[in-house]
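Summary of the model geometry
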Amino acid sequence: MPGPKLNKHDLKIKENSWLAKIAALKLGTNSVAMVLGKTIHLHNTTKAAFLKDESWVKHEFCHIRQFKQHGYVGFIVKYLWESIQKGYYNNRFEVEARKAEEL
Ligand SMILES: [Zn+2]
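Here is what the cut-offs are and how they apply
- Along each chain, numbering runs from 1 in the same order as the chain's sequence is written.
- Where local features are concerned, this predicted model is filtered to residues with pLDDT of at least 70; where side-chain atom pairs are given and counted, the filter is 80 or more; whole-chain, interface and lining totals use all residues.
- As a rule here, side-chain values cover all heavy atoms of the structure and leave hydrogens and water aside.
- Because no water is among the atoms considered, metal sites can look incomplete, with donors defined as N, O and S atoms within 2.8 Å of the metal, or 3.2 Å for Na, K and Ca.
- Burial classification: accessible surface area is computed with a 1.4 Å probe over protein chains only, and a residue below 20% of its type maximum counts as buried, one above 50% as exposed, and the rest as partly exposed.
- For our purposes a nonpolar core is just a set of buried Ala, Val, Leu, Ile, Met, Phe, Trp, Tyr and Cys residues, chained together by side-chain atoms within 4.5 Å.
- By the criteria applied, helices consist of DSSP H or I runs no shorter than four residues and strands consist of E runs no shorter than two, each listed in order from the N terminus.
- When checking whether two residues touch, look at their non-hydrogen atoms; a contact exists if any pair is within 4.5 Å.
- Under this scheme, a helix contributes an axis fitted over its contacting stretch, all axes are lines through C-alpha atoms, and angles between N-to-C directions fall in the 0 to 180 degree range.
- When an angle is under 35 degrees it counts as roughly parallel; over 145 it counts as roughly antiparallel; between 65 and 115 it counts as roughly perpendicular; any other value is oblique.
- For a crossing to be left-handed, the near helix must be turned anticlockwise from the far one by less than a right angle; the clockwise case is right-handed.
- Three categories are distinguished: nonpolar for Ala, Val, Leu, Ile, Met, Phe, Trp, Tyr, Cys and Pro, charged for Asp, Glu, Lys and Arg, and polar for the others, with Gly belonging to the last.

Distances from the zinc ion to its protein donors, H59 (NE2), H63 (NE2), E94 (OE) and E94 (OE), fall within 2.0 to 2.6 Å. Exposure remark for H59: the relative accessible area of 8% places this residue in the buried category.

Here you go:
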């Protein structure tokens, strides 16, 4: 997806995030990274391990761009709406983020 380039200064990473823990429980997964605005919330992984995983970083960077594009509240509303309509996996923001992993 085209968009503003991001670098590590544009983001914050929060380890042991309770929000990411809730997401992990809801998704039934072990390790979770979840973006809110410019912050990547991590559960059950470290900042170092996350940053080493290039495709994972690209995926979450895509969500940061989506937040920028749609605005904080706008993105959350659209994201939840997509998830209700299509489910997590087919949510267009997740489809786009998975494509970004390959770039
Ligand atoms: Zn995602």
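What follows deals with the nonpolar core. Core analysis: the largest hydrophobic core is formed by 15 residues, its most contacted members being L11, I13, I40, L42, F50 and I64. Listed by contribution, the elements that provide at least two residues to this core are strand 2 (32-36), strand 3 (39-43), helix 3 (54-70) and helix 4 (72-90). Counting residues per element, this core draws most heavily on helix 3, which supplies four residues. Setting aside residues no more than four positions away along its own chain, F50 makes contact with I13, A33, I40, L42, T45, W56, V57 and E60.

All right, on to the packing of helix 3 against helix 4 then. Taken N-terminus to C-terminus, the directions of helix 3 and helix 4 make an angle of 115°; their axes are 6 Å apart at the nearest point. Here helix 4 runs roughly perpendicular to helix 3, going by the angle between their axes. Crossing hand, helix 3 versus helix 4: right-handed. Residues H63, Q66, F67 and H70 of helix 3 form the contact with helix 4, whose participating residues are Y72, G74, F75, I76 and K78. Along the lines of polarity and charge, the residues of the contact of helix 3 with helix 4 split into four nonpolar, four polar and one charged.

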